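The lines below spell out each chain.
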Amino acid sequence: MIPDLGKYADAVLSAYAVSIALLVGIVALSLWRGRRVRAQMVEAEKRAGRNG
Amino acid sequence: MRALFLRDLVLALRAGGGFGLGLAFFLIVVVLVPFSVGPSSELLGRIAPGVLWLGALLACLLSLDRLLAVDWEDGALDLLATSPLPLEGVIAVKAAAHWVTTGLPLVLAAPVLGVLLNLAPQGYGVLVLSLALGTPALSMIGAFGAALTVGIKRGGLLMSLLVLPLYVPTLIFGAEAARRAAEGQDPATPLLFLAGITAGVLACMPFAAGAVLRVNLR
Amino acid sequence: MSLWEYANPVKFLGLSERVMPWLWGFAAACLGVGLIWGFFFTPDDFRQGSTVKIIYLHVPAAFMAIQAWFMMLVVSLIWIIRRHHVSALAAKAAAPVGVVMTLIALVTGAIWGQPMWGTWWAWDPRLTSFLILFLFYLGYIALWEAIEDPDTAADLTSILCLVGTVFAVLSRYAVNFWNQGLHQGASLSLDKEENVADVFYIPLLVCMAGFVLLFLALVFYRTGTEIRVRRTRALIAREGRGAAAQVEGA
């Protein structure tokens, strides 16, 4: 399946691996933080609604 | 304005921070270089202009966090902000005082330390000239950095991170001029660039620094 | 109906809710198609061998690293001039994405440079300016993190962004003057002569589009997160005050 990369296979594969890992990392980090913040906000809103 | 300038000078002299510390740091950096790269005089002579420039830059950086922090802590900065002198003027004067207490001694000490590093004889004049042209920009950029981080506790490290990238153009042209002169080439082009950057920084940076300081004093 | 309507956080969140699924979808599609096309279905370059495939990551990341800074500059200006909170938060949201792009460009560049130039790193103007850009990003983010009051932080960072832009451009030219480079010229330009060949060009464009869309999606999402952080903080502050009032009443 993987095309013949010749003698530079390591370089190409590691470049792809590092880049995709970094991209996935920033996306995952953003989503994780976004979720947490959203939950916190909903909770704070609920409390604010209850108290007045 | 003159009163403020004199006051800053006197304070720096009395505290012994400005003159003494910056110069001593510069001396130590230069002395440590041969220990780290070896005593070969040919190698030292080749890297001397760069080392002297880097040492001067770091020595300049060292005293920056005291530039505004003291006045910030004791409230003098708030008084200055309410005085008729605009904050842009205040910061420019403070940068000038910083240059006189830190930059100028470094410029004067550089040739002496050049001897220690076996700098080529034709390099001295341009080295001093390039430092004299470049260090005012270092002080002014540093004042901007100090104004940015003045409200932050232990902002010294952060300030280095902010200020050092801004020093890059000055360092490149200054060290390039000194290097070219030491190797017997014509240093005019980098010197002109260096002078241009310094002139631009001196003209524009007080406004940026003043704006930043106003935000911090709000 | 003007663009400034979306400076209202609620309007902005509404817009981003509607736009984001499309952005994520198209970003994933473009990246998927472009990278798979580039990786599996393009020929090797006759000089560079298979390493030419790194271009599909390296060039778009480098492009986005610069565009991200440019976008931060624009929204910082909007914040300074019109004082819309959303724009300041968008600048904050974009910076870490820019760092990641710069990092990808640097790392893939190093991995590419090793077999091609025989070295991981050279003090070449382009490489050096990217390293300097990376430092600027780090300083910018560090300043955001260090200041507690969000409005002060927004003001200071936007001024830093303006000053930083001037110095980044200056450094770019200074570095050019300082050393001649190994790096080739622009891979993408309107001048057809300089361009990379068509076989590489089209998948590269798809990848660029993918990176742009991914960047936009991330910025929209992260800006939304920052707005919610703001709102939560305001709610909690109000709650604290309410509790204090109750205590006083009793």
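Predicted model only: the values in this text are computed from it and were never measured. (Residues numbered from 1 in each chain as written. Chains lettered and ligands numbered in written order. Predicted model: local features only at pLDDT ≥ 70, side-chain atom pairs only at ≥ 80, totals over all residues.)

(A) Examining the environment of Arg38(A) more closely. By the secondary structure assignment, Arg38(A) is in helix α1 (residues 9-51). Each C-alpha atom, one on Arg38(A) and one on Arg50(A), is 18 Å from the other, the two residues being 12 residues apart in sequence. (Helix = DSSP H or I, 4+ residues; strand = E, 2+ residues; numbered from the N terminus.)

(B) Local environment of the environment of Ala27(C). For Ala27(C), the location among the structural elements is in helix α1 (residues 9-40). Look at Ala27(C) and you get buried, because 21 C-beta atoms sit within 10 Å. (Buried ≥ 20, exposed ≤ 12 C-beta atoms within 10 Å, placed from the backbone.)

(C) Here's a closer look at α1(C). Residues and elements named next belong to chain C. For α1, spanning 32 residues, the distance from its first C-alpha to its last is 43 Å, which sits close to the expected 46 Å at 1.5 Å a residue. Along α1, the largest kink reaches about 40° and is centred on valine 19; proline proline 21 follows within four residues of it. Of all the positions in α1, only Phe12, Ser16, Leu23, Ala27, Cys30, Leu31, Gly34, Leu35 and Gly38 are classed as buried. (Expected span 1.5 Å × (residues − 1). Bend = angle between axes of the 7 residues up to and from the residue.)

(D) Here's a closer look at the confidence of the model for chain C. All names here are of chain C. Across chain C, the average pLDDT comes to 83, with 86% of residues at 70 or higher. Of all the helices and strands in chain C, helix α6 (residues 198-249) carries the lowest mean pLDDT, 82, while helix α2 (residues 55-82) carries the highest, 90. Here the complex is predicted with pTM 0.85, and the ipTM for its interfaces comes to 0.84. (pLDDT = per-residue confidence, 0-100.)

(E) Spotlight on helix α6 (residues 87-116) of chain B. For α6(B), with 30 residues, the first-to-last C-alpha span of 42 Å sits near the 44 Å given by 1.5 Å per residue. One or two steps after α6(B), the chain reaches Asn118(B), where phi turns positive at roughly 60°.

(F) Highlighting the arrangement of the chains. The structure contains 2 pairs of chains in contact, of which chains A and C account for the largest number of contacts. The two partners chain A and chain B share no contact, and the minimum distance between any of their C-alpha atoms is 23 Å. (Contact = placed C-beta atoms within 7 Å.)

(G) Structural view of the nonpolar core. Grouped together as the largest cluster of nonpolar side chains are 157 residues, with contacts concentrated most on Leu52(B), Ala56(B), Ile141(B), Phe144(B), Ala147(B) and Val212(B). Broken down by element, this core gets its largest block of residues, 17 residues, from helix α3 (residues 85-117) of chain C. Other than its neighbours up to four places away in sequence, Ala56(B) contacts Phe26(B), Leu106(B), Ala110(B), Leu131(B) and Thr135(B). (Core = buried A, V, L, I, M, F, W, Y, C linked by C-beta atoms within 7 Å.)

(H) Highlighting the environment of Gly139(C). Residues and elements named next belong to chain C. Structurally, the position occupied by glycine 139 is in helix α4 (residues 125-146). Taking the number of C-beta atoms within 10 Å as the measure of exposure, glycine 139 has 24 and is therefore buried. Along the chain, glycine 139 and threonine 157 lie 18 residues apart, while their C-alpha atoms are 9.5 Å from each other.

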